[in-house]
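Architecture at a glance
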Amino acid sequence: MLKKETLNFIKNVAENNNREWFAANKEVYENAKADVLELVASIIPELAKVDPMFPAEMDPKKCLLRIYRDVRFSKNKDPYKNNFGIWFSTKKGGNEPGYYLHIQPEKSFIAGGYWMPEAPHLKLIRQEIDYNISDFKEIINNADFKKNFKLGVDNALKNAPKGYDPADPNIEFLKLKSFEATTKINDEEFLKPNLVNKLISSFKTVQPLVAFLRNAIEQ
């Protein structure tokens, strides 16, 4: 489980997003970061049991995303993220299929899939969905998946992608530019002793989608 102070820290960052406050509370940040890393260390070996492609020896520090924002090209100049983001994938760096845990008071969620793949991977994924639509539908129509996860459809083309028939009964899937499924997690769940079990259960539910997407780009 996480400490309540960790969630409070994130809430306070959102309310005091400036370098002066952060410097004065650097020790609080370090304690919160250590708390999250301890959680990550507990998740890794269990996730490796669910997904055989995920390395059980993964360094927890490689999964925790930086709290510092890159503000160079953003209108929002807040220097810090108002969340802890944890990304579990088979390798460090780069965009690929994987699992994500977003810790942000009242806005936390669990996700799995492939967020905004670059053009070559997007082409391969669409091809895989087109060729193996029955397998794809079996995954997203699984009862446990439908009960707990929602496949994002916001990032999609308005028209059919080049080379695909607009009348294809599965065209809405082929229009997608991002392939991630999400489920919300309430703040109180982070404070319960069965937190890791809950997270692993969610990752297990979404693992077939991750495997499908991974297979599409690695053929």
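Since this is a predicted model, take the numbers as computed values, not measurements.

**Digging into the overall build of the protein chain**
The number of helices and strands found in the protein chain is eight helices and five strands. Order of helices (α) and strands (β) in the protein chain, N terminus to C terminus: α-α-α-β-β-β-α-α-α-β-α-β-α. The dimensions of the protein chain, computed from C-alpha atoms along their principal axes, are 60 × 40 × 30 Å. Classification of the 219 residues of the protein chain by burial places 44% in the buried group. In the protein chain, once contacts between residues fewer than 6 apart in sequence are set aside, the share between residues at least 24 apart is 64%. Entry remark: accessible area of the protein chain is about 12,500 Å², with carbon and sulfur atoms responsible for 49%. Distance between charge centroids for the protein chain: 4 Å, based on 33 positive and 30 negative side chains.

**Re the nonpolar core**
By size, the foremost hydrophobic cluster in this structure holds 60 residues, and its most contacted members are Phe9, Phe84 and Phe88. It is helix α8 (residues 195-218) that provides the largest number of residues to this core, a total of 12 residues. Other than its neighbours up to four places away in sequence, Phe84 contacts Thr6, Phe9, Ile10, Tyr29, Ala32, Lys33, Val36, Leu64, Ile67, Leu101, His102 and Ile103.

**Comments concerning the pattern of salt bridges**
When their charged atoms lie close together, side chains carrying opposite charge are able to pair. Counting across every chain of the model gives five salt bridges. Residues Lys49 and Glu46 are paired through a salt bridge, measuring 3.4 Å at the closest nitrogen-oxygen approach. Of this pair, Lys49 and Glu46 both sit in helix α3 (residues 26-50), three residues apart, roughly one helical turn. With a relative accessible area of 63%, Lys49 lands in the exposed category. Note on Glu46: relative accessible area 30%, which makes it partly exposed.

**Overview of the packing of aromatic side chains**
In the structure shown here, the tally under the stated rule is 16 aromatic pairs. Here the aromatic cluster, defined as three or more aromatic residues joined through ring pairs, consists of Phe9, Trp21, Phe22, Tyr29, Tyr68, Tyr80 and Phe84.

**Concerning the packing of α3 against α8**
Contact geometry of α3 with α8 gives a least axis separation of 10 Å together with a crossing angle of 40°. The element α3 and its partner α8 pack so that their crossing is right-handed. Every residue of α8 that contacts α3 at Leu39, Ser42, Ile43, Glu46, Leu47 and Val50 is listed here: Leu195, Val196, Leu199, Ile200, Phe203, Lys204 and Gln207. Classifying every residue of the contact of α3 with α8 gives nine nonpolar, two polar and two charged.

**A short note on the side chain of Thr205**
Assignment of secondary structure puts Thr205 in helix α8. Using a relative accessible area of 13% as the deciding quantity, one classes Thr205 as buried. Polar side-chain contacts of Thr205 include one of 3.1 Å to the backbone oxygen of Ser201.

About the cut-offs
Residues numbered from 1 in each chain as written. Predicted model: local features only at pLDDT ≥ 70, side-chain atom pairs only at ≥ 80, totals over all residues. Heavy atoms only, no water. Helix = DSSP H or I, 4+ residues; strand = E, 2+ residues; numbered from the N terminus. Buried < 20%, exposed > 50% of the residue type's maximum accessible area, 1.4 Å probe, protein only. Contact = heavy atoms within 4.5 Å. Areas by Shrake-Rupley, 256 points an atom, 1.4 Å probe, with all protein chains shown as cover. Lys, Arg positive; Asp, Glu negative; His and termini not counted. Charge placed at Lys NZ, Arg CZ, Asp CG, Glu CD. Core = buried A, V, L, I, M, F, W, Y, C linked by side-chain atoms within 4.5 Å. Salt bridge = Lys/Arg side-chain N within 4 Å of Asp/Glu carboxyl O. Phe/Tyr/Trp six-rings, centres within 6.5 Å; stacked < 30°, edge-to-face > 60°. Axes fitted to C-alpha atoms, helices over the stretch in contact; angles between N-to-C directions. Left-handed = near helix turned anticlockwise from the far one by under 90°. Nonpolar A, V, L, I, M, F, W, Y, C, P; charged D, E, K, R; others polar. Polar contact = N/O pair within 3.5 Å; in protein donor to acceptor, adjacent residues only side chain to side chain.

On their own, these measurements won't tell you what the molecule is for.
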